[in-house]
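Chain and residue survey
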Amino acid sequence: MTSETKKIRALVVDDEPFARERVRRLLERDEDVVVIGECKDGFEAVAAIEKQSPDLLFLDVQMPGKDGFGVLTDICADKTPVVIFLTAYDRYAVRAFDTAALDYLLKPFDEERFAKALARAKLRLESFPQMEDDSPTAMPEAASGAGSTHLERIIIRTGGRVLFRNADEIDWIEAYGNYVRLHFGKSAYLLRETIGNLEAQLDPAKFARIHRSTIVHIKRIREMQPQLAGQYRTILRDGTNLTLSRRYRKNLKHPLGDE
């Protein structure tokens, strides 16, 4: 990043003051990052995320009152930053990645391991460019069919061109902060919209919300494999692996054979 590039806004959440201080100290060495706050428990974290919309969240798993998983459950999906979990226990690793966390730092971690996690976060955030004139962006177009109430086309501005894509061409959608990323085959475009609002515009006969951060075109699903805790690994025709969480199983009741 250059000095003119917008800095990554990080929030540190841990009930141990020493742990918060260490993460802050490591982050302050990086000129691309600014620490916008610290929280000592999950309740403070939920309030800070809703108010400040950080780009990057360092989140302790075990905290009194509300743990890290509770924090992610309570915030709006469109407010979810890139998440790096912090914990002294490796038994939470599988559950952490099921929440779509980017990384999982096992305490006590060294500076090299921290640097790798931060580098991964930068790459993830840089994959979603700022909304500039020459960046690939998209906007929904009102339904045009007679009597239709669902989104039919997406307008995409990229490289000085304006593309028109049918909503039915979307393979899957992922939420990132105040944006969603629309995946069309090997191409992907940003849309400044929350995943909840977009879900309400899509045809539920074609699209299903399978995770707090994911919507999938039902016809793109090739295979579903049962996992722990009522979850399913959802494999698309192009090999993309997504997670159907237990909370959203009702959206695919028929193919799963649920009553």
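**Here we look at the packing of aromatic side chains**
Per the counting criterion, the structure on display carries four aromatic pairs. When the centroid spacing of 5.2 Å and the interplanar angle of 50° are considered together, the rings of F69 and F85 count as tilted. Here F85 lies in strand β4 (residues 82–87) and F69 lies in helix α3 (residues 68–74), a separation of 16 residues in the sequence. Accessibility assignment for this pair places F69 and F85 in one class, buried. Taken together, the ring pairs connect F58, F109 and F114 into an aromatic cluster.

**Here we look at the side chain of D171**
Among the structural elements, D171 can be located in the loop between β8 (161–166) and β9 (172–176). Residue classification places D171 among the buried residues on the basis of a relative accessible area of 12%. Apart from the residues within four sequence positions on either side, D171 is in contact with H183, F184, G185, V216, H217, R220 and L236.

**Describing the sheet that holds strand β16 (residues 241–244)**
Here three strands make up an open sheet; going across it, the order is β14-β15-β16 and the pairing antiparallel. Taken across any chain shown, the strands that pair with only one partner, and hence form the sheet edges, are β14 (221–226) and β16. With direction set aside, neighbouring strand axes in the sheet form an average angle of 30°.

**Focus on the environment of L190**
Following the sequence through the fold, L190 ends up in strand β11 (residues 187–191). Separated by eleven residues in the primary sequence, L190 and Y179 have C-alpha atoms spaced 6.5 Å apart.

**What to know about the pattern of salt bridges**
Under the definition given, this model contains 17 salt bridges. The partner of K122 in a salt bridge is D32, with the nearest N and O atoms 3.0 Å apart. Taken as a pair, K122 in helix α5 (residues 111–126) and D32 in the loop between α1 (17–28) and β2 (33–39) lie far apart in primary sequence, 90 residues in all. Neither residue differs from the other here; K122 and D32 are each classed as buried. Salt-bridge contacts for D103 lead to R120; the nearest nitrogen and oxygen are separated by 3.5 Å. Residue D103 is located in strand β5 (residues 103–106), and its partner R120 is located in helix α5; the two are separated by 17 residues in the primary sequence.

**Some words on the confidence of the model for the protein chain**
For the protein chain, the mean per-residue pLDDT works out to 81, and 79% of the residues sit at or above 70. Overall, residues 129–137 carries pLDDT values under 50, and its contacts beyond four positions in sequence, including any with other chains, amount to 19 contacts.

**A look at the side chain of D41**
With respect to the helices and strands, the residue D41 is situated in the loop between β2 and α2 (42–52). The side chain of D41 sits in the buried core without any salt bridge; K40 is the nearest counter-charge, 4.4 Å away. A distance of 2.8 Å separates the side chain of D41 from the backbone nitrogen of E44, its partner in a polar contact. Those residues within four positions of D41 in sequence are excluded, and the remaining contacts are V13, M63 and P64.

**Describing unusual backbone geometry**
Looking along the chain, the bond that leaves K107 and enters P108 is cis, with omega of -5°. In this structure, S53 takes a positive phi of about 45° despite not being glycine.

**Section: the nonpolar core**
The biggest cluster of nonpolar side chains holds 20 residues, and the ones touching the most others in it are V23, L27, L56, F58 and F114. Breaking this core down by element, the ones donating at least two residues are β1 (8–13), α1, β2, β3 (56–60), β4 and α5. At four residues, the largest contribution of residues to this core is made by α5. Among all residues touching L56, those that are not within four sequence positions of it are I8, R9, A10, L11, P81, V82, I84, L118 and A121. Counting 19 residues, the second largest nonpolar core, distinct from the first, contains V13, A48, V61 and V71.

**What about the sheet that holds β4?**
Across the sheet, which stays open at both edges, the five strands sit in the order β2-β1-β3-β4-β5 with parallel pairing between neighbours. Lying at the two open borders of the sheet, with one neighbouring strand each, are β2 and β5. Adjacent strand axes in the sheet meet at a mean angle of 20° when their direction is disregarded. Examined bridge by bridge, β1 and β3 share four bridges and lie parallel to one another. Looking at the pairing, L11 lines up with L57 of β3. The strands touched by α5 within the sheet are β1, β2, β3, β4 and β5, with β5 carrying the most contacts at an inclination of about 165°.

Parameters and conventions
Residues numbered from 1 in each chain as written. Predicted model: local features only at pLDDT ≥ 70, side-chain atom pairs only at ≥ 80, totals over all residues. Heavy atoms only, no water. Phe/Tyr/Trp six-rings, centres within 6.5 Å; stacked < 30°, edge-to-face > 60°. Helix = DSSP H or I, 4+ residues; strand = E, 2+ residues; numbered from the N terminus. Buried < 20%, exposed > 50% of the residue type's maximum accessible area, 1.4 Å probe, protein only. Contact = heavy atoms within 4.5 Å. Pairing = 2+ DSSP bridges. Axes fitted to C-alpha atoms, helices over the stretch in contact; angles between N-to-C directions. Salt bridge = Lys/Arg side-chain N within 4 Å of Asp/Glu carboxyl O. pLDDT = per-residue confidence, 0-100. Lys, Arg positive; Asp, Glu negative; His and termini not counted. Polar contact = N/O pair within 3.5 Å; in protein donor to acceptor, adjacent residues only side chain to side chain. Core = buried A, V, L, I, M, F, W, Y, C linked by side-chain atoms within 4.5 Å.

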